[in-house]
Amino acid sequence: MPAPEPSDPGLPPARAADLLAWYDRHRRVLPWRALAGETPDPYRVWLSEVMLQQTTIAAVRPYFEKFLARFPDIEALAAAPEEAVMSAWAGLGYYSRARNLHACAKAVATAGSFPDTAEGLRKLPGIGAYTAGAIAAIAFDRAEAAVDGNVERVMSRLYAVEAPLPGARTEIRRLTQALVPAERPGDFAQALMDLGATICTPKRPACALCPWLAPCHARAAGTQETFPRKIKAVKGALRRGAAFVVVRAGDEAVLLRTRPPEGLLGNMAEPPTSAWETEYDPAGALLDAPLDARWKRLPGLVRHGFTHFPLELTVFLARVALNTSPPPGMRFTPRRDLPEEPLPGLMRKVLAHAFDPQPEPEKKPRGRPKKEPPPMPLLAVFDEPEVVVEPPPRFRPVPKPRPRTVDVPREPDADEMFPDEPPLEVPVPRRPVRGTGGRRR
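What counts and what doesn't
- Within any chain, residue numbers begin from 1 and follow the written order of that chain's sequence.
- Selection of residues for local features in this predicted model requires a pLDDT of at least 70, selection of side-chain atom pairs for listing and counting requires 80 or more, and totals for whole chains, interfaces and linings are taken over all residues.
- Side-chain numbers here rest on the full set of heavy atoms in the structure, without hydrogens or water.
- UniProt positions are given in the numbering used here, feature names are shortened, and annotations may be inferred rather than shown by experiment.
- Put simply, DSSP marks the helices as runs of H or I at least four residues long and the strands as runs of E at least two long, and each gets a number from the N terminus on.
- The buried label applies to any residue whose accessible area, calculated with a 1.4 Å probe on protein chains only, is under 20% of its type's maximum; exposed applies above 50%, and partly exposed to all values in between.
- Contacts are assigned to residue pairs that have any heavy atoms within 4.5 Å of one another.
- Surface accessibility follows the Shrake-Rupley procedure with a 1.4 Å probe radius. Residue values consider only the protein chains on display as shielding.
- We call a set of buried residues a nonpolar core when its members are Ala, Val, Leu, Ile, Met, Phe, Trp, Tyr or Cys and they connect through side-chain atoms within 4.5 Å of each other.
- Salt bridge criterion: a side-chain nitrogen from Lys or Arg within 4 Å of a carboxyl oxygen from Asp or Glu.
- Two kinds of site are reported from a 1 Å grid over the protein atoms alone, namely cavities, where a 1.4 Å probe fits but cannot get out, and pockets, open sets with protein on both sides within 12 Å along at least five of seven lines, and residues are called lining when an atom falls within 4 Å of a point.
- Grid points are joined across faces, edges and corners, and a volume is the space filled by probe spheres set on the points.
- Asp, Glu, Lys and Arg are counted as charged, while Ala, Val, Leu, Ile, Met, Phe, Trp, Tyr, Cys and Pro are counted as nonpolar; the rest, among them Gly, fall into the polar class.
- The angle between two axes is taken between their N-to-C directions and runs from 0 to 180 degrees, where each axis is a line fitted to C-alpha atoms and a helix contributes only its stretch in contact.
- An angle below 35 degrees is read as roughly parallel, one above 145 as roughly antiparallel, one from 65 to 115 as roughly perpendicular, and any other as oblique.
- Each crossing is labelled by how the near helix is turned from the far one, with a counterclockwise turn of less than a right angle marking it left-handed and a clockwise turn marking it right-handed.
- Helix span is expected to be 1.5 Å times the residue number reduced by one.

By the naming in an unreviewed UniProt entry, the protein chain is Adenine DNA glycosylase, taken from Methylobacterium gregans. In its Function (unreviewed entry) section, the UniProt entry covering the protein chain states "Adenine glycosylase active on G-A mispairs. MutY also corrects error-prone DNA synthesis past GO lesions which are due to the oxidatively damaged form of guanine: 7,8-dihydro-8-oxoguanine (8-oxo-dGTP)." For the record of the protein chain, the UniProt heading Sequence similarities (unreviewed entry) holds the text "Belongs to the Nth/MutY family."

Here we look at the overall build of the protein chain
A count of helical and extended segments in the protein chain gives 14 helices and seven strands. Burial statistics for the protein chain: of 441 residues in total, 39% are counted as buried. For the protein chain, long-range pairs separated by at least 24 residues make up 70% of all intrachain contacts whose partners lie at least 6 apart in sequence. In the structure as shown, the protein chain presents an accessible area of about 28,600 Å², 55% of it carried by carbon and sulfur atoms.

A word on the nonpolar core
Counting residues in each nonpolar core, the largest one holds 101 residues, and the members touching the most others are Trp-46, Phe-67, Met-155 and Trp-212. Broken down by element, this core gets its largest block of residues, eight residues, from helix H8 (residues 129–140). When residues no more than four places from it in sequence are discounted, the contact partners of Met-155 are Ala-160, Val-161, Ile-172, Leu-175, Thr-176, Leu-179, Leu-192 and Trp-212. The next biggest cluster of nonpolar side chains, apart from the first, holds 15 residues, and it includes Phe-244, Phe-316, Met-330 and Phe-332.

Focus on the pattern of salt bridges
Counting across every chain of the model gives 16 salt bridges. Between Asp-194 and Arg-28 there is a salt bridge, with its nearest N and O atoms 2.7 Å apart. Taken as a pair, Asp-194 in helix H11 (residues 185–198) and Arg-28 in the loop between helix H1 (16–26) and helix H2 (42–51) lie far apart in primary sequence, 166 residues in all. Looking at Asp-194, the relative accessible area reads 0%, which means it is buried. A salt bridge links Asp-187 to Arg-184, with the nearest nitrogen and oxygen atoms 3.0 Å apart. Several salt bridges converge on common partners, so that one network encompasses Asp-24, Arg-184 and Asp-187.

Observations concerning empty space enclosed by the protein
The tally for this structure, following the rule as stated, stands at one cavity of 30 Å³ or more. Considered as a void within the structure, the largest cavity measures approximately 130 Å³ in volume. Cys-200, Cys-207, Cys-210, Trp-212 and Cys-216 are, among the 13 residues lining the largest cavity, the residues nearest its centre. Considering each element in turn, the lining of the largest cavity owes the most residues, three residues, to helix H9 (residues 149–158). Its residues assigned to classes, the lining of the largest cavity shows ten nonpolar, one polar and two charged.

Comments concerning the packing of helix H5 (residues 82–89) against helix H6 (residues 96–111)
Running from amino to carboxyl end, H5 crosses H6 at an angle of 135°, the nearest separation of the two axes being 10 Å. As summarised for this structure, H5 and H6 are arranged oblique, according to the angle between their axes. Here the hand of the crossing between H5 and H6 comes out right-handed. Residues Glu-82, Val-85, Met-86 and Trp-89 of H5 form the contact with H6, whose participating residues are Arg-97, Ala-98, Arg-99, Leu-101 and His-102. Classifying every residue of the contact of H5 with H6 gives five nonpolar, one polar and three charged.

Let's talk about H11
Taking 1.5 Å of rise per residue, 14 residues should cover 20 Å, and H11 covers 20 Å from first to last C-alpha, within 8% of that figure. Burial within H11 is extensive, with eleven of its 14 residues counted as buried. Every buried residue of H11 is accounted for by Pro-185, Gly-186, Phe-188, Ala-189, Gln-190, Ala-191, Leu-192, Met-193, Asp-194, Leu-195 and Gly-196.

Section: the layout of surface pockets
Here the second largest pocket is characterised by a volume of approximately 230 Å³. Forming the walls of the second largest pocket are Pro-62, Tyr-63, Lys-66, Phe-67, Arg-70, Ser-87, Ala-88, Ala-90, Pro-339 and Arg-348. Elements supplying a minimum of two residues to the lining of the second largest pocket: helix H3 (57–70) and H5. It is H3 that contributes the most residues to the lining of the second largest pocket, five residues altogether. Grouping the constituent residues of the lining of the second largest pocket by class yields six nonpolar, one polar and three charged.

Printed below as a string of structure tokens:
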């Protein structure tokens, strides 16, 4: 398919060869990426693409390595119980992906291998258009476009796509597909991802280092940071609720339950919670407690942000006797075994707060602090004349400086100059006596 022509005849067309030449020099080394000359492993490619949905590479890297050590191939993942898969996934969020991942592993293990086309891959659980294109291109070298958030940003700037996302995705995908080369389509897909992650970043893109600097429409107009156009998302209303942490004496076991498989955080473990509602009142939270106990409301709140709404939970703590039985559908898990439970990030925050509660930080007033007026007497006397007292001077008196003393060499006395000579005798003239005519007697 020929590359799309630029709308500005003064700009050269974008070429896949320029991007691949840049990729050969600057490609990133990632745990799931095959080195130059190696054959990609479809299992690693598929696992990394599912993990990287809505998550960053920095967050995924340690999870990927631990997950691969626990489930080294598709057969091991398919044979594992769902609780083990959810536990290994805990912390990555979007837990429906983990359930689909497990279901997909079972389907591939039953079939014996992954399909090698985008159409075949899309029939598997949890694989959409982007993931199918990425696996087909990277693992099986099919000429398919893989359009993620990074690629959307690169292509919307390259062609100055004015239509806002998500409506512009069809057009961006068409433009990307037109650039995919017949040779090395897998490297082209990864090169586009690397370009968006390292050069064509959301803010302050390094356009001077970009292999597509010359054909970029947004760069030519100086508007690169305004793309892609987006419709401002409307945030959901704040929801509130209560979480109840029950600790059993003796083994420090914590009361947990498993959430329903459908809905948010499906099949994940949690300490019992109330409903999450916009009008929830923590003052009446003990009506939602899982059992009768001496509950203590902990200071502070646990805050968490979901895709569609923010959440605040008030945490209540109770300690119960060793012989306390768990309510129906719940279980006590020893504290040492909590890492094995599929606890999502929110519930890990709740347990951390229960064992080490943090009070709410004091809100600092905005702006300059206001000066308080001077205290007024309880009873003012109005019949006495007002005494005006002049305020003291605002300057601080400075004491008069003392004169400096300078060490000047002292002139020596004559005795000190000539110590061995006798003192000089100076004759004193006699005063003449009157009446004698000046004669001496």
